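Working through the structure, step by step
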Amino acid sequence: MSALSAIVMRDVKLALRAGGGAGVGVIFFLALVTLVPFAVGPDMPLLTRIGPAMLWIGALLASLLGLDRIFAADHEDGSLDQLMLSSAPLETIAAAKGLAHWLASGLPLVIVTPVLGLMLGIEPKALLAVSLTLLAGTPGLTFLGLVAAALAAAMPRGGLFSAVLVLPLSIPLLIFGVVSTNAAIAGEGFGAPFRFLCAISLFFLVLGPAAAAMALRHVRD
Amino acid sequence: MRLTAEGLSCVRGGRALFRGLSFALAAGEALAITGANGAGKTSLLRILAGLLAPAEGKIVLAGAENSVAEASHFLGHLDAVKNALSVRENLDFHRALLGGGRSANEAALSRVGLAALADLPGYVLSAGQRRRLALARLIAAPRPIWLLDEPTASLDTAGQELLTGLMGEHRARGGIVIAATHLPLGLENARALSIPARAA
């Protein structure tokens, strides 16, 4: 157990220090959301209507940044060999690295979402719904990305590769994230689509580490 | 404890590196692996560590409850030192990962001569100091089998003597040392295994 907490602590520390890239996602998210009003014009009703979807797309794209480095950095400096010699199973090691990546890059996106939502003129109730759906959806995104990160571990420039791999598979999360937000705004049933979102997220949480461990074993052989 | 390798074969990139390598080592014994560049010394060590699957053959560790991978330290060409972490944080992580007691840290750092640098970040270390930090791992997390790949690379004379001392103490405690090397490491009564240049 202590090996796993050491992995989480180390990865969060590395991400938050200079060159770690934890802040890049948040700044990218901010830049993307700032661009939307410039592109569609100062039309408040329109912004309010498309705002939740924009926040979801922004968070989705921002969470792709740095994904390819999860295992590649450890592969390059020999740390991955050491991780594999640990007595913890590779699946739980992958899960620990996924958790650390989410804490450092996914959670900050959820935290800044209400602030960015204000810029898009989204009402408080909808803001709460967007934040809640992102809180449920981003862990799924990260753990889905874990598989791509493992496949890209030995690739010199795997960033684009992991984005191309993750984006199509992230569509169900995006659909149910936006649908449940819109349902909350319209005052319809928020519960049903939100439960679907949670279910898909949980599916990736379970599948991600197992598939990532399998990919790591193949990629490195 | 007894480490046995039977009929190990390795194929890399469709090319057979070696075939039918066998050896057995009891507690306290050492094996020096020699061979030309590309003969497969590193691959053999990676197979022993469980980082690579052998094409044929098997490795058995008798008299220990762990698997070979869990009982082994692997010191490869890469030192696994993170630039953004301090020397102490680097060692602390590897100690926790590989199962060492918390108290072992400071002793290990002073043994390899890095105690004064403990709070400096990894990027200020020279190649030799990074290697010393990797050696500190071997002390901080006790594991019975040491798999060392060119362990003297970038070490100065004092560093090489330190390594010789560490290997001697490890064997005296009943540990096994397997080292791939071109240079004499000062291993007393070490068994020798020479990998032929081309098995195919």
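Read on for a plain summary of the structure. (Residues numbered from 1 in each chain as written. Chains lettered and ligands numbered in written order. Predicted model: local features only at pLDDT ≥ 70, side-chain atom pairs only at ≥ 80, totals over all residues.)

1. A word on the overall build of chain B
So the rule is basically this: The way it works is that DSSP assigns letters per residue, a run of H or I at least four long becomes a helix, a run of E at least two long becomes a strand, and they are numbered from the N terminus. Only the C-alpha atoms count toward the radius of gyration. The rule for a globule is 2.2 Å times the residue count to the power 0.38. Residues with at least 20 neighbouring C-beta atoms inside 10 Å of their own are called buried, those with 12 or fewer are called exposed, and the rest are partly exposed, where every C-beta is derived from the backbone. By the criterion used throughout, residues are in contact when their C-beta atoms, derived from the backbone, lie within 7 Å.
Counting its regular elements, chain B contains 5 helices and 8 strands. Relative to a compact globule of 200 residues, whose C-alpha radius of gyration would be 16 Å, chain B shows 17 Å and is just as compact. Burial analysis of chain B (200 residues in total) assigns 43% to the buried set. Sequence separation of at least 24 residues holds for 72% of the intrachain contacts in chain B that already meet a minimum separation of 6.

2. Section: the environment of valine 177 of chain B
Residues and elements named next belong to chain B. Note that valine 177 resides in strand 7 (residues 176-180). The class of valine 177 is buried, set by 25 C-beta atoms lying within 10 Å. Valine 177 sits 31 residues away from tryptophan 146 along the chain, and the two C-alpha atoms are 4.9 Å apart. Ignoring anything within four residues of it in the chain, the contact list for valine 177 reads Ala30, Trp146, Leu148, Met167, His170, Arg171 and Leu187.

3. Thoughts on the packing of helix 2 (residues 87-98) of chain B against helix 4 (residues 127-140) of chain B
The relative placement of two packed helices is expressed as an angle between their axes plus a distance between the axes. Residues and elements named next belong to chain B. Where we set the bar: Every axis corresponds to a line fitted to the C-alpha atoms, with the helix fit spanning only the stretch in contact, and the corresponding angles, defined between N-to-C directions, vary from 0 to 180 degrees. An angle below 35 degrees is treated as roughly parallel, one above 145 as roughly antiparallel, one from 65 to 115 as roughly perpendicular, and anything else as oblique. With the far helix as reference, a near helix turned anticlockwise by less than a right angle produces a left-handed crossing, and one turned clockwise produces a right-handed crossing.
It is the contact of helix 2 with helix 4, at a shortest axis distance of 9 Å, that shows an interaxial angle of 40°. With respect to helix 4, the element helix 2 is oriented oblique. When you trace helix 2 past helix 4, the crossing you get is right-handed. Between helix 2 and helix 4, the contacting residues are Val87, Asn90, Leu91, His94, Arg95 and Leu98 on the first element and Leu133, Ala136, Arg137 and Ala140 on the second.

4. With respect to unusual backbone geometry
Residues and elements named next belong to chain B. We note that glutamate 150 has phi near 45°; this positive angle belongs to a residue other than glycine. Glutamate 150 sits in the partly exposed class, given 19 other C-beta atoms within 10 Å. Phi angles above zero are rare outside glycine, and serine 154 is one such case at about 60°. Here serine 154 is to be found in the loop between strand 6 (145-149) and helix 5 (157-172). Classification of serine 154 by C-beta neighbours within 10 Å gives partly exposed; the count is 14.

5. So, helix 6 (residues 90-119) of chain A
Selection criterion: To estimate how far a helix should extend, the number of its residues minus one is multiplied by 1.5 Å.
Under the 1.5 Å per step criterion, the end-to-end length of helix 6 of chain A is 43 Å for 30 residues, consistent within 8% with the ideal 44 Å. Residue glycine 121 of chain A follows helix 6 of chain A closely and has a positive phi angle near 70°.

6. Details of the interface of chain A and chain B
A common measure of how large an interface is: the accessible area buried when the components associate. We apply this condition: Ten residue types, Ala, Val, Leu, Ile, Met, Phe, Trp, Tyr, Cys and Pro, are classed as nonpolar, four, Asp, Glu, Lys and Arg, as charged, and the remainder, Gly among them, as polar.
Each partner contributes to the interface: chain A provides 21 residues, whereas chain B provides 22 residues. At the level of elements, helix 1 (2-16) and helix 5 (79-85) of chain A are the ones that each hand at least two residues to the side of chain A that touches chain B. Within the side of chain A that touches chain B, the residues separate by chemical class into 7 nonpolar, 8 polar and 6 charged.

7. A closer look at the sheet that holds strand 6 of chain B
Residues and elements named next belong to chain B. Quick note on the threshold: At least two DSSP bridges between two strands are needed for those strands to be called paired.
Across the sheet, which stays open at both edges, the 5 strands sit in the order 5-6-7-3-8 with parallel pairing between neighbours. Each edge of the open sheet carries a strand with a single partner, namely strand 5 (72-75) and strand 8 (191-195). For this sheet, the mean inter-axis angle between neighbouring strands, taken without regard to orientation, is 15°. The pairing of strand 5 with strand 6 spans 4 bridges and is classified as parallel. What sits directly across from histidine 73, in strand 6, is tryptophan 146. Against the sheet, helix 1 (residues 41-48) makes contact with strand 3 (30-35), strand 5, strand 6, strand 7 and strand 8, and its axis sits at roughly 150° relative to strand 7, the strand it touches most.

8. Comments concerning helix 3 (residues 44-62) of chain A
The cut-off we apply is this: Note that bend, as reported per residue, equals the angle between axes fitted to the 7 residues terminating at that residue and the 7 residues originating from it.
Most pronounced at isoleucine 50 of chain A, the bend in helix 3 of chain A amounts to some 50°, and the proline proline 52 of chain A follows within four residues. Residues Gly51, Pro52, Met54, Leu55, Trp56, Gly58, Ala59, Leu60 and Ala62 of chain A constitute the buried set of helix 3 of chain A.

9. Some details on the environment of isoleucine 145 of chain B
Residues and elements named next belong to chain B. With respect to the helices, strands and loops of the structure, isoleucine 145 is situated in strand 6. Distance from isoleucine 145 to alanine 179, taken between C-alpha atoms, is 11 Å for residues 34 residues apart in sequence. Ignoring anything within four residues of it in the chain, the contact list for isoleucine 145 reads Leu3, Val68, Ala71, Ser72 and Ile176.

10. Here's the deal with the sheet that holds strand 1 (residues 2-12) of chain B
Residue and element names in this part refer to chain B. Ordered by their spatial adjacency, 3 strands build an open sheet running 2-1-4, and the pairing between neighbours is antiparallel. For this open sheet the edge positions go to strand 2 (15-26) and strand 4 (56-62), each flanked by a neighbour on one side alone. The sheet shows a mean angle of 15° between the axes of neighbouring strands, direction not considered. Two elements, strand 1 and strand 2, share 8 bridges in a ladder whose sense is antiparallel. For valine 11, the partnering residue across the bridge sits in strand 2 and is alanine 16. Against the sheet, helix 1 touches strand 1, strand 2 and strand 4, its axis set at about 125° to strand 1.

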